[in-house]
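Inside the fold
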Amino acid sequence: MILELADIRIQPGQQAAFDEAIERGVRTVIANAKGFQGYKVNKGIESPERYLLQIFWETLENHTVDFRESPAYAEWRTIVGPFFAGPPTVEHFNLLVKSD
């Protein structure tokens, strides 16, 4: 399993609208992508315009090729992109160890 971690900064004062948009975008667009295995969204306390989106993929290519090169990616960006203060930082991780 691959973890995609997206560090997202949004424009100030847009938190309530973005909360709805990111949840809707993941649920209605990303959740239907090949290899999608789940997600988490965390919202900053000290930095309320900062969000950490974690998406679990079966393979790296499920994200970088199957999703990113599909029409669904443009649909996702249409939903959440207008809120971005700048491009999100996106990295991928392999699981090393996990608690029970």
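Residues numbered from 1 in each chain as written. Predicted model: local features only at pLDDT ≥ 70, side-chain atom pairs only at ≥ 80, totals over all residues. Heavy atoms only, no water.

**A few points about the pattern of salt bridges**
Side chains that carry opposite charge are capable of pairing whenever their charged atoms lie near each other. Evaluated as defined, the whole model comprises 6 salt bridges. For R50, the salt bridge goes to D7, with nearest N and O atoms at 2.7 Å. Of this pair, R50 sits in strand β3 (residues 50-57) while D7 is found in strand β1 (residues 2-9), placing the two residues 43 residues apart along the sequence. By relative accessible area, R50 is classed as partly exposed at 31%. Here E20 ties to R24 by a salt bridge, and the two come within 2.7 Å at their closest N and O atoms. Remark: R24 and E20 occur in helix α1 (residues 15-28); sequence separation between them is 4 residues, near one turn of the helix. Among the ionic contacts, a cluster of salt bridges with common partners joins D7, R9 and R50. (Salt bridge = Lys/Arg side-chain N within 4 Å of Asp/Glu carboxyl O. Helix = DSSP H or I, 4+ residues; strand = E, 2+ residues; numbered from the N terminus. Buried < 20%, exposed > 50% of the residue type's maximum accessible area, 1.4 Å probe, protein only.)

**A closer look at the UniProt feature "domain: ABM" (unreviewed entry) in the protein**
In this numbering, the UniProt entry assigns the feature "domain: ABM" (unreviewed entry) to residues 2-93. Measuring from the first to the last C-alpha atom of residues 2-93 gives 6 Å, for a span that is 35% helix and 32% strand. (UniProt positions renumbered as here; feature names shortened; annotations may be inferred.)

**Examining the sheet that holds β1**
Within the open sheet, the 4 strands sit side by side as β2-β3-β1-β4. Their pairing is antiparallel. Looking along the sheet, the strands with just one partner apiece sit at the ends: β2 (36-43) and β4 (89-94). Neighbour-to-neighbour, the strand axes of the sheet open up by a mean angle of 20 degrees, direction not taken into account. Relative to β3, β1 runs antiparallel, the two sharing 8 bridges. (Pairing = 2+ DSSP bridges. Axes fitted to C-alpha atoms, helices over the stretch in contact; angles between N-to-C directions.)

**Quick notes on the nonpolar core**
Formed by 21 residues in total, the largest nonpolar core has its most connected members in I8, F18, I22, L53 and W76. In contact with F18, other than residues within four places in its own chain, are I8, I10, Y51, V80, F83 and F84. (Core = buried A, V, L, I, M, F, W, Y, C linked by side-chain atoms within 4.5 Å. Contact = heavy atoms within 4.5 Å.)

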